[in-house]
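Summary of the model geometry
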Amino acid sequence: MKNKIFAAIAATGFATTAVITHAANPAITDVLTADPAAMVHDGTVYLYTGHDEAKDNKGFYEMHKWLVFSSTDMVNWKNEGSPLAVKDFKWARGDAWASHVVEKDGKFYFYTTVRHDETKPGFAIGVAVSDSPTGPFKDALGKALISNDMTTDTKIDWDDLDPAAFIDDNGEAYLFFGNTKPRWAKLKDNMIELDGPIHSLDLPNFTEALYAHKHGDYYYLTYAMGFPEKIGYAMSKSIEGPWEYKGILNELAGNSNTNHQSIIDYKDRSFFIYHNGGTPEGGSFRRSVCIDDLYYNEDGTIKRIVMTSEGVDPVK
Ligand code: FUB
């Protein structure tokens, strides 16, 4: 997970050993990780990921559970195990795809993509809850929060995936999601029911991985565009829009068709967390999480991400 450079420094007749720890991308290499979603809680960053288990890159995704890692410097990541698996949703039959976790009133809510069992077509979004950021999480509803029959304006059965929650400064909570059509809905105070209708958004070249965050006075929606995917973004003065498309944020990963991003502020720095296929046997179905710095311009727009092999300097 980390690279250590041991430098022997001779000084005034005696030797000192300095340990310089720096990151590398991919940031996690001892296990395959995809679809990162990071959350800052009580001074620690929790990084939730899917787990690619495909043997090679010829077939399709094989994903059965999610993983969680923690860090206080964005470089050294502790593997906290698997807080949730598809089998924990009795109504689901597979595909532990993208997820997102938020905290509200001391409870942690894990919104995630799964394939519904044969009683409903295609993909669905479930929600699980825990008293701890590292789980274990339990299905909060015993049924899907969002299922394919709730969004009949698209003809595909994989349009309800990639949930990302957002809690505004006034405590109002929202869920963003979608494939081919970006969507959002308000969440009730209990975080496990929708509060009103599902709305659609108009974002150019939208594919999936819709993610909301706030920095300063602006709200941001980032999302995967096209296929293979780049990441684009839009800005607004309100979480309910209107949204103004601002351009490409991250280029093609190159070695993976998908790029799935998460963005956080942590200890006065901002980070762009994504995946690529950058391990020796990596690729579109064997992905790994990477982390690079993210910088805002004075007008609130975001500088284009520079994907690096070196990763980020540790946060002090
Ligand atoms: O990991 C499976 C799917 O690939 C996710 O749901 C998408 O965002 C893409 O990363």
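Before going into details, it helps to say that this report is about the structure given with it. Per-chain numbering applies: the sequence of each chain, read as written, is numbered from 1 onward. Given that the model is predicted, a residue must reach a pLDDT of at least 70 before its local features are reported, and side-chain atom pairs must reach 80 or more before they are shown or counted; all residues, however, enter totals for whole chains, interfaces and linings. The basis for every side-chain value is the complete set of heavy atoms in the structure, and neither hydrogens nor water enter the calculation.

1. As for the pattern of salt bridges
Salt bridges are identified by distance alone: a Lys or Arg side-chain nitrogen within 4 Å of an Asp or Glu carboxyl oxygen. Tallied over the full model, the rule gives 17 salt bridges. Residues Lys104 and Asp189 are paired through a salt bridge, measuring 2.6 Å at the closest nitrogen-oxygen approach. With a gap of 85 residues between them, Lys104 in strand 9 (residues 99-104) and Asp189 in the loop between strand 15 (183-187) and strand 16 (199-200) connect regions that are remote in the sequence. Only protein chains enter the area calculation, which uses a 1.4 Å probe; residues under 20% of their type maximum are buried, those over 50% are exposed, and those in between are partly exposed. On the accessibility criterion, Asp189 (62% relative accessible area) is exposed. When salt bridges that share partners are traced, they join Asp153, Asp159, Lys181 and Arg183 into one network. Helix and strand labels come from DSSP, where a helix needs a run of H or I of at least four residues and a strand needs a run of E of at least two; each type is numbered from the N terminus.

2. Considerations on the pairing of strand 4 (residues 44-50)
Burial analysis of strand 4 places 7 of its 7 residues in the buried class, which makes it a mostly covered element. By the alternation rule, side chains of strand 4 split into Thr44, Tyr46, Tyr48 and Gly50 and Val45, Leu47 and Thr49, which are all buried. Linking two consecutive strands that pair antiparallel, namely strand 3 (residues 34-41) and strand 4, is a turn of 2 residues; a positive phi of about 50° is found at Asp42 within it. In this scheme, strands are said to pair when DSSP sees at least two bridges between them. As judged from the 6 bridges shared by strand 4 and strand 5 (residues 65-71), these two strands associate in the antiparallel manner. Pairing of Val45 across the sheet is with Ser71, part of strand 5.

3. A look at the packing of aromatic side chains
Stacked, tilted and edge-to-face pairs are distinguished by plane angle, under 30 degrees for stacked and over 60 for edge-to-face with tilted covering the rest, among Phe, Tyr and Trp rings (Trp via its six-membered ring) whose centres lie within 6.5 Å. Taken as a whole and assessed by the stated rule, the structure comprises 18 aromatic pairs. Taken together, a centroid distance of 5.3 Å and an interplanar angle of 35° make the contact between Phe272 and Tyr274 tilted. Taken as a pair, Phe272 and Tyr274 share a single burial class, namely buried. In textbook terms, an aromatic cluster arises when at least three aromatic residues are bridged by ring pairs, as seen for Tyr48, Trp66, Phe89, Trp91, Phe110 and Phe137. Only when the NZ of Lys or the CZ of Arg is both within 6 Å of the ring centre and within 35 degrees of the ring normal is a charge said to sit over the ring. The lysine or arginine in question, Lys237, covers the ring of Tyr218, its NZ or CZ lying 4.3 Å from the ring centre.

4. Observations concerning unusual backbone geometry
The peptide bond linking Asn25 to Pro26 adopts the cis configuration, its omega dihedral lying at -5°. As for its position among the elements, Pro26 is in the loop between strand 2 (14-22) and strand 3. Pro242 follows Gly241 through a cis peptide bond whose omega is 5°. If you check the backbone angles, Asp35 has positive phi at about 55° while not being a glycine. Structurally, Asp35 is set in strand 3. The buried category is assigned to Asp35, whose relative accessible area is 7%. Even without glycine at this site, Asp105 takes up a positive phi of about 50°. Tracing the backbone through its elements, the reader meets Asp105 in the loop between strand 9 and strand 10 (107-116).

5. Quick look at the site of the ligand
Around the ligand, the structure places Asp35, Tyr61, Met63, Trp97, Ala98, Asp162, Glu208, Thr258, His260, His275 and Arg287. The contact in question runs from an oxygen atom of the ligand to an N or O atom on the side chain of Asp35, over 2.5 Å. In protein, a polar contact means a hydrogen-donor-capable atom and an acceptor-capable atom, both N or O and within 3.5 Å, with residues adjacent in sequence counting only if both atoms are side-chain atoms; elsewhere, any N or O pair within 3.5 Å suffices. Within the side chain of His260, a nitrogen or oxygen atom sits 2.7 Å from an oxygen atom of the ligand. Every accessible area reported is derived by Shrake-Rupley at a probe size of 1.4 Å, with residue values counting cover from the shown protein chains alone. Summarising the interface, the protein chains cover 99% of the accessible area of the ligand, which totals 280 Å² for the free molecule. By the convention adopted, Pro, Cys, Tyr, Trp, Phe, Met, Ile, Leu, Val and Ala count as nonpolar, Lys, Arg, Asp and Glu as charged, and the other residues, Gly among them, as polar. In the shell around the ligand, the residues fall into 4 nonpolar, 3 polar and 4 charged. For each residue, the test is whether any non-hydrogen atom lies within 4 Å of the molecule or strand; if one does, the residue is near.

6. Overview of the environment of Asn259
Of note, Asn259 is situated in the loop between strand 20 (244-250) and strand 21 (262-266). Note: C-alpha distance between Asn259 and Lys230 (29 residues apart in sequence) is 6.9 Å. Setting aside its immediate chain neighbours within four residues, Asn259 contacts Glu229, Ile231, Asn250, Glu251, Ala253, Tyr274 and His275. At 2.9 Å, the side chain of Asn259 forms a polar contact with the side chain of Asn250. Throughout, a residue-residue contact means that at least one pair of heavy atoms, one from each residue, lies within 4.5 Å.

7. Here we look at the sheet that holds strand 21
Across the sheet, which stays open at both edges, the 3 strands sit in the order 21-22-23 with antiparallel pairing between neighbours. Two strands bound the open sheet, and with one partner strand each, they are strand 21 and strand 23 (288-293). Going across the sheet, the axis of each strand differs from the next one's by a mean of 30°, ignoring polarity. Only the stretch in contact is used when a helix axis is fitted, and all axes are lines through C-alpha atoms; the angle between N-to-C directions ranges over 0 to 180 degrees.

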